[in-house]
Amino acid sequence: MKKLAILGSTGSIGTQTLEVVRENLDLSVTALAAGSNIRLLEEQIREFKPKYAAVWEEEKARELALAIKDTDTKVVSGMDGLIEISELEEVNIVVTAVVGMIGIRPTVAAIKAGKDIALANKETLVTAGHIIMPLAKEYGVKILPVDSEHSAIFQSLNGENPKEISKILLTASGGPFRGRKLKDLEKVTLEDALKHPNWAMGKKITIDSSTLVNKGLEVIEAKWLFDVKMEQIQVVVQPQSIIHSMVEYVDGSIIAQLGLPDMKLPIQYALFYPERRTMPGERLDFAKLGSITFENPDIETFKGLCLAYEAGSIGESMPTVFNAANEKAISLFLGKRIKYLDIADIIETCMREHKIVKNPTVDQIIEIEKSIYELIESRC
């Protein structure tokens with residue numbers, strides 16, 4: 001029996017992870033964690049009967065504890081609560097599906113406790129890859145990617161020598177605004193940006209996908225996961241979202257992972273690696289598909305992708321600035337306080353004004369995030 005702690009259980013990845021649990025009787029849930037959606041968390045607790053539940057907001061934690069007082073589930077809260085459930089002795093694998101840099105500390109704690117990590121929290125490697133990857137090696141734990149693109153790369157590397165990678169071809173759907181130019185995006189509404197053509201995701205990542213910032217974050221993450229240089233990662237737009245990513249080797253061979261856009265596949269693969277399990281659902285029919293097309297990303301219109309390459313190439317504290325500025329800008333856009341095109345402009349401004357901090361610690365990363373938030377708020 002493999003026992004899980006799921007951080008971010010009420011979000012898109014968390015709920016789909018629980019779908020995988022329902023379909024595999026040798027998976028059990030030891031702990032769940034959520035931000036503030038205690039209604040859904042209570043439903044999950046009553047179904048999966050975890051020993052622990054963590055809630056980010058202390059007041060919401062007290063509300064949940066009262067609601068589930070008839071169960072045996074212990075409720076904990078805040079960062080201490082996330083760290084506590086990440087270190088539980090009986091847990092085998094920690095699924096990190098929280099959004100934002102709050103995922104860093106519990107991931108570090110889980111690694112030090114010897115837990116494998118099913119990683120769906122981009123920010124952890126984007127901002128702290130220089131800490132996380134050496135730590136995972138030191139403690140002998142696996143970092144198993146859950147993002148469909150990184151899972152595809154991971155699968156395409158199976159049985160191959162990673163030193164023989166020529167480049168990684170990271171695919172992108174292009175988002176809802178593929179083919180549009182800057183002037184077409186001047187009046188984009190929040191509702192427009194939340195309509196992704198292929199994937200069902202949370203609001204923040206859906207907006208990120210529309211700006212191609214999400215792809216930029218994935219490029220930086222891939223740099224750390226697969227120990228390659230930024231210039232070895234090429235983003236290719238593949239609108240059908242059938243090829244999830246590819247690896248080109250030094251001899252010119254390219255290995256790709258294909259499948260229908262369904263996040264349960266990379267989630268299940270991470271949970272059972274190296275085993276493959278039968279998964280119910282529709283299969284890819286090439287005759288019906290007809291064609292798979294490719295194009296280059298429009299980096300003039302979607303400059304967030306260029307800024308990500310710049311941040312990842314500079315390294316040090318710059319990826320933290322990129323990520324934090326984007327998170328705050330997305331929050332403002334979701335609150336309808338800024339326009340769509342302001343998102344990339346805010347990121348660029350913060351990067352230009354930042355003074356590099358070399359080899360930042362976790363505390364410094366969190367402090368930089370706070371300072372970027374305050375800078376943006378002071379100007380909006």
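Residues numbered from 1 in each chain as written. Predicted model: local features only at pLDDT ≥ 70, side-chain atom pairs only at ≥ 80, totals over all residues. Heavy atoms only, no water.

### Focus on the overall build of the chain
Okay, step 1: The number of helices and strands found in the chain is 16 helices and 11 strands.
Okay, step 2: Projected onto its principal axes, the C-alpha positions of the chain cover 55 × 50 × 40 Å.
Okay, step 3: Expressed as a percentage of its 380 residues, the buried residues of the chain come to 53%.
Okay, step 4: If you take every contact in the chain between residues at least 6 apart in sequence, the share linking residues at least 24 apart comes to 69%.
Okay, step 5: Summed over its atoms, the accessible surface of the chain is roughly 17,000 Å², and 50% of this surface lies on carbon and sulfur atoms. (Helix = DSSP H or I, 4+ residues; strand = E, 2+ residues; numbered from the N terminus. Buried < 20%, exposed > 50% of the residue type's maximum accessible area, 1.4 Å probe, protein only. Contact = heavy atoms within 4.5 Å. Areas by Shrake-Rupley, 256 points an atom, 1.4 Å probe, with all protein chains shown as cover.)

### Some thoughts on the environment of G8
Okay, step 1: Here G8 shows up in the loop between β1 (2-7) and α1 (12-23).
Okay, step 2: Ignoring any residue separated from it by four or fewer positions in sequence, one finds G8 in contact with G14, A33, A97 and V98.

### Some remarks on the packing of helix α10 (residues 213-225) against helix α14 (residues 318-334)
Okay, step 1: Two elements in contact, α10 and α14, have axes separated by 12 Å at closest approach and are oriented at 155 degrees. Taken together, α10 and α14 sit at an angle that is classed as roughly antiparallel. Here the hand of the crossing between α10 and α14 comes out left-handed. Residues V213, L217 and I220 of α10 pack against P319, F322, N323 and N326 of α14.
Okay, step 2: Grouping the amino acids of the contact of α10 with α14 by side-chain chemistry returns 5 nonpolar, 2 polar and no charged. (Axes fitted to C-alpha atoms, helices over the stretch in contact; angles between N-to-C directions. Parallel < 35°, antiparallel > 145°, perpendicular 65-115°, else oblique. Left-handed = near helix turned anticlockwise from the far one by under 90°. Nonpolar A, V, L, I, M, F, W, Y, C, P; charged D, E, K, R; others polar.)

### Concerning the pairing of β1
Okay, step 1: Here β1 pairs with strand β2 (residues 27-34) via 6 bridges, running parallel. Bridged to A5 within β2 is A31.
Okay, step 2: With α1 bridging β1 and the parallel β2, this β-α-β connection has right-handed handedness.
Okay, step 3: Here 4 bridges tie β1 to strand β5 (residues 93-96), and the two strands are oriented parallel to one another. Each bridged residue has a counterpart across the sheet, and for A5 the counterpart in β5 is V94. (Pairing = 2+ DSSP bridges. Right-handed = clockwise from strand over helix to strand, strands pointing away.)

### A short note on the pattern of salt bridges
Okay, step 1: In total, this model carries 28 salt bridges according to the counting rule given.
Okay, step 2: The residue R105 makes a salt bridge to D363 at a minimum N-O spacing of 2.8 Å. Of this pair, R105 sits in helix α5 (residues 104-112) while D363 sits in helix α16 (residues 362-379), and the two are 258 residues apart along the sequence.
Okay, step 3: Exposure remark for R105: the relative accessible area of 30% places this residue in the partly exposed category.
Okay, step 4: Between D208 and K204 there is a salt bridge, and its shortest N-O distance comes to 2.6 Å. (Salt bridge = Lys/Arg side-chain N within 4 Å of Asp/Glu carboxyl O.)

### So, unusual backbone geometry
Okay, step 1: Residues Y273 and P274 are joined by a peptide bond in cis, for which omega reads 10 degrees.
Okay, step 2: Summarising the element assignment, P274 is placed in the loop between α11 (264-272) and α12 (286-289).
Okay, step 3: Phi is positive for K49, close to 50 degrees, though the residue is something other than glycine.
Okay, step 4: Using a relative accessible area of 63% as the deciding quantity, one classes K49 as exposed.
Okay, step 5: Here the phi dihedral of S241 falls at roughly 55 degrees; this positive angle occurs in a residue that is not glycine.
Okay, step 6: Inspection of the secondary structure assignment puts S241 in the loop between β9 (233-237) and β10 (243-249).

### Topic: the pairing of β5
Okay, step 1: Burial along β5 is two-sided: the face carrying I93 and V95 and the face carrying V94 and T96 are both buried.
Okay, step 2: As paired strands, β5 and strand β6 (residues 116-119) are joined by 4 bridges and run parallel to one another. Opposite I93, over in β6, you have D116 as the bridge partner.
Okay, step 3: With α5 bridging β5 and its parallel neighbour β6, the resulting β-α-β unit is right-handed.

### Quick look at the packing of aromatic side chains
Okay, step 1: Applying the stated criterion across every chain, the model contains 5 aromatic pairs.
Okay, step 2: Ring centres 4.9 Å apart and planes at 55 degrees place the aromatic pair F154 and Y273 in the tilted group. You can see F154 sitting in helix α7 (residues 148-156) and its partner Y273 sitting in the loop between α11 and α12, a full 119 residues away along the chain.
Okay, step 3: On the accessibility criterion, F154 (17% relative accessible area) is buried.
Okay, step 4: Considering the side-chain rings of Y269 and Y273, the 5.8 Å spacing of their centres and the 65 degrees angle between planes classify their relative orientation as edge-to-face.
Okay, step 5: You can call Y273 partly exposed: its relative accessible area is 24%.
Okay, step 6: A connected cluster of aromatic rings, assembled from ring pairs, spans F154, Y269 and Y273. (Phe/Tyr/Trp six-rings, centres within 6.5 Å; stacked < 30°, edge-to-face > 60°.)

### Here's the deal with α1
Okay, step 1: The terminal C-alpha atoms of α1, which comprises 12 residues, lie 17 Å apart, in line with the 16 Å expected from a rise of 1.5 Å per residue.
Okay, step 2: Every buried residue of α1 is accounted for by I13, G14, Q16, T17, L18, V20 and V21.
Okay, step 3: Tucked into the core, α1 has its buried residues touching β1, β2, α2 (38-48), β5 and α11. (Expected span 1.5 Å × (residues − 1).)

### A look at the nonpolar core
Okay, step 1: Counting 113 residues, the largest nonpolar core has I85, F226, L271, F322, Y340 and I343 as the members making the most contacts within it.
Okay, step 2: With 9 residues, the top contributor of residues to this core is α14.
Okay, step 3: When sequence neighbours within four positions are dropped, the list of residues in contact with F322 reads V213, L217, G304, L307, A308, A311, I347 and M351. (Core = buried A, V, L, I, M, F, W, Y, C linked by side-chain atoms within 4.5 Å.)

Scope: geometric values only; no functional claims are made or implied.
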